[in-house]
Amino acid sequence: MNFIPYGKQHLDEEDIRAVVDVLKSDWLTQGPVVNIFEKALAEYCGAKYAVTVSSGTAALHLACLVVGIEFGDEVITSPITFVASANCVLYSGGIPVFADIDSDTYNIASIGIKNRITPKTKAIIPVHFAGLPCDMEEIRKIADDHGLIIIEDACHAFGAEYKANGESFKVGSCAHSDMSVFSFHPVKHITTGEGGAILTNNPDIYERLLSLRSHGITRTNKKFVNTSMAFSPDNVINPWYYEMQELGFNYRITDMQCALGLSQLKKLDGFVARRRSISAMYTEALKNINHIKTPHEQSTKRSAFHLYALQIDFQKTGKSRAVVMNEMRDMGIGTQVHYIPVHLQPYYTNRFNYKEGDYPVAEDYYKKALSLPMFPDMGDEDVIKVINSLKDCLNVR
């Protein structure tokens, strides 16, 4: 591998054959493979239902819509995430409210959630940052105490697990939430090119998600409202008839994408195992170096390591982060910063008057953040190259 990017998909001949088989079939979209993939996702995670959509962002948007986030409703989420985790609230007319992160896990802090709850709060969107599950048992208690909805942003955490009351749960089981949302972007654990999914155990939420992802249209006879149009004079259903009963979207996913997802899903456990192995190599090599803090993993959590996010005190190293990243690139290694705090994005500072200092833990994390390459196709020699290049760049051993 000449250049090592920070993230990359793994595709093999089995994946390619799966997509080609669909291309040769009668269905390219809205066909049987979509339903098969959805059932496989639900079974893997231990949830009752899964609804696949065109992206993780679309999944977050529909999750907000289906639980009735609307004008003036507040939804609490983390500032250390991709902008979609907050934007989905805005799409629905709500107001994103940020709670600061925990300094060890980089996930949203439970005490931060409690401090941000107001009479307008309707939901919480905890983000399982970098693949490490949030404290879902505690967040569920907070939500129950205040009558709040929980939408897990699990886009980083497919294949992750956590323990609660001595029992193990897969992220996506919705054991402590109303919905869980996944992304299948190429840098995620499995890919469908673009794509996403919402998992739930609630049959009413499931039915509305199916409607909202396809223009709010139903073709189910029992749901028809305008029976005079739905049925002929002799009480026979009109075979062409359908009803748009609410304003939905074209957020559908294709059978081609779902075929790729099904093939990828078979490899998920292996992908996560390799990510964890890479993480262990990084941590062992970097854990005792001054000015570097390696990721923290609690004993009750099993991270899926979508990211390997270091904390580096660049001020004490004598090099700026930009210089380090450029030098690493010159050495053939891609790095990234996850993330610029959402509240410091110009749209949020202009509209909501957020400013530096509002979320000090998140902002301190951001100043020191650097994500190293993390993807299953990395060989041990690639990991060693990254480690040695970082050490050379920082002049540490």
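See the structure above.
Residues numbered from 1 in each chain as written. Predicted model: local features only at pLDDT ≥ 70, side-chain atom pairs only at ≥ 80, totals over all residues. Heavy atoms only, no water.

1. As for the overall build of the protein chain
The cut-off we apply is this: Each helix is a run of DSSP H or I of at least 4 residues and each strand a run of E of at least 2, with the numbering of both proceeding from the N terminus. Whether a residue is buried, partly exposed or exposed follows from its accessible area with a 1.4 Å probe, protein chains only, as a fraction of its type maximum: under 20%, in between, or over 50%, in that order. Should any heavy atoms of two residues lie within 4.5 Å, those residues are considered in contact. Here the accessible surface of atoms and residues is derived via Shrake-Rupley with a 1.4 Å probe, and residues count as covered only by protein chains that are part of the display. For the charge count, each Lys or Arg is scored as positive and each Asp or Glu as negative, with His and the chain ends excluded. Positions of charges follow a simple convention, taking NZ of Lys, CZ of Arg, CG of Asp or CD of Glu.
Scanning the protein chain for helices and strands turns up 15 helices and 15 strands. Along the three orthogonal principal directions, the C-alpha set of the protein chain runs to about 85 × 55 × 45 Å. Across the 397 residues that make up the protein chain, the buried fraction comes to 55%. The long-range fraction of contacts in the protein chain, counting pairs at least 24 apart against all pairs at least 6 apart in sequence, stands at 74%. Summed over all atoms, the accessible surface of the protein chain reaches about 17,500 Å², with 51% contributed by carbon and sulfur. Computing the positive centroid from 40 side-chain charges and the negative centroid from 46, the protein chain places the two 2 Å apart.

2. Structural notes on unusual backbone geometry
In this structure, Tyr 339 follows His 338 across a cis peptide bond, with omega equal to 0 degrees. Mapping Tyr 339 onto the fold places it in the loop between helix H12 (321–330) and helix H13 (346–352). With a phi angle near 55 degrees, Gln 30 is a residue other than glycine that sits in the positive phi range. Within the element layout of this structure, Gln 30 appears in the loop between helix H1 (13–23) and helix H2 (32–45). What makes Gln 30 partly exposed here is its relative accessible area of 47%.

3. Quick word on the sheet that holds strand E13 (residues 301–302)
This is how the line gets drawn: For two strands to be treated as a pair, DSSP must find no fewer than two bridges joining them.
Read across the sheet, 3 strands follow the order E7-E6-E13 without closing on themselves; strand pairing throughout is antiparallel. This sheet does not close on itself; its edge strands, each paired only once, are strand E7 (167–170) and E13. As paired elements, strand E6 (residues 161–164) and E7 share 4 bridges and run antiparallel to each other. Considered in E7, the bridge of Lys 163 is made with Ser 168.

4. Describing the packing of H12 against helix H15 (residues 380–394)
Filter applied, for reference: Structural elements are reduced to axes, namely lines fitted to C-alpha atoms, with helices fitted over the stretch in contact, and the angle between N-to-C directions of any two is expressed from 0 to 180 degrees. When describing relative orientation, an angle under 35 degrees is termed roughly parallel and one over 145 degrees roughly antiparallel, while 65 to 115 degrees is termed roughly perpendicular and anything else oblique. Left-handed describes a crossing whose near helix is turned anticlockwise from the far helix through less than a right angle; right-handed describes the clockwise counterpart. Under the convention adopted here, Pro, Cys and the residues Ala, Val, Leu, Ile, Met, Phe, Trp and Tyr are nonpolar, Asp, Glu, Lys and Arg are charged, and Gly plus all remaining residues are polar.
Relative to each other, H12 and H15 sit at 135 degrees, their axes nearing to 10 Å. One finds that H12 runs oblique with respect to H15. The handedness of the crossing between H12 and H15 is right-handed. Listed contacts from H15 to Val 324, Glu 327 and Met 328 of H12 are Val 386, Ser 389, Leu 390, Cys 393 and Leu 394. Classifying every residue of the contact of H12 with H15 by side-chain character gives 6 nonpolar, 1 polar and 1 charged.

5. Some words on the nonpolar core
Selection rule: Residues enter a nonpolar core if they are buried and are Ala, Val, Leu, Ile, Met, Phe, Trp, Tyr or Cys, with the set joined through side-chain atoms within 4.5 Å.
Formed by 49 residues in total, the largest nonpolar core has its most connected members in Ile 113 and Phe 158. If you list the elements that add at least two residues to this core, you get H1, H2, helix H6 (136–146), E6, strand E9 (196–200), helix H9 (255–265) and helix H10 (268–286). Looking at which element gives the most residues to this core, the answer is H2, with 8 residues.

6. Thoughts on the sheet that holds strand E12 (residues 292–293)
Here we have 3 strands laid out as an open sheet, ordered E12-E14-E15, and antiparallel in their pairing. The sheet terminates laterally at E12 and strand E15 (369–372), the two strands that pair on one side only. Bridge count for strand E14 (residues 308–312) against E15 is 4 bridges, and the pairing is antiparallel. What sits directly across from Leu 310, in E15, is Leu 370.

7. What about H15?
Worth spelling out the cut-off: Helices are assigned an expected span. That span is 1.5 Å times one less than the residue count.
The end-to-end C-alpha separation of H15 is 21 Å, in line with the 21 Å expected for 15 residues at 1.5 Å each. Taken residue by residue, H15 has Asp 382, Val 383, Val 386, Ile 387, Ser 389, Leu 390, Lys 391, Cys 393 and Leu 394 as its buried positions. Residues of H15 that are buried in the fold lie against H10, E12, E14, helix H11 (314–317), H12 and E15. The first or second residue beyond H15 is Asn 395, which carries a positive phi of 60 degrees.

8. Digging into the pattern of salt bridges
As a reminder of what qualifies: The term salt bridge refers to a side-chain nitrogen of Lys or Arg lying within 4 Å of a carboxyl oxygen of Asp or Glu.
Counted according to the given criterion, the structure contains 20 salt bridges. As a salt-bridge pair, Lys 267 and Asp 15 come within 2.8 Å of each other at their nearest N and O atoms. Here the residue Lys 267 occupies a position in the loop between H9 and H10, and Asp 15 occupies one in helix H1, the gap between them amounting to 252 residues. The exposure class of Lys 267 is buried, given its relative accessible area of 13%. Among the residues examined, Asp 15 registers a relative accessible area of 1% and is labelled buried. Residue Asp 358 pairs with Lys 355 through a salt bridge whose shortest N-O separation is 3.1 Å.

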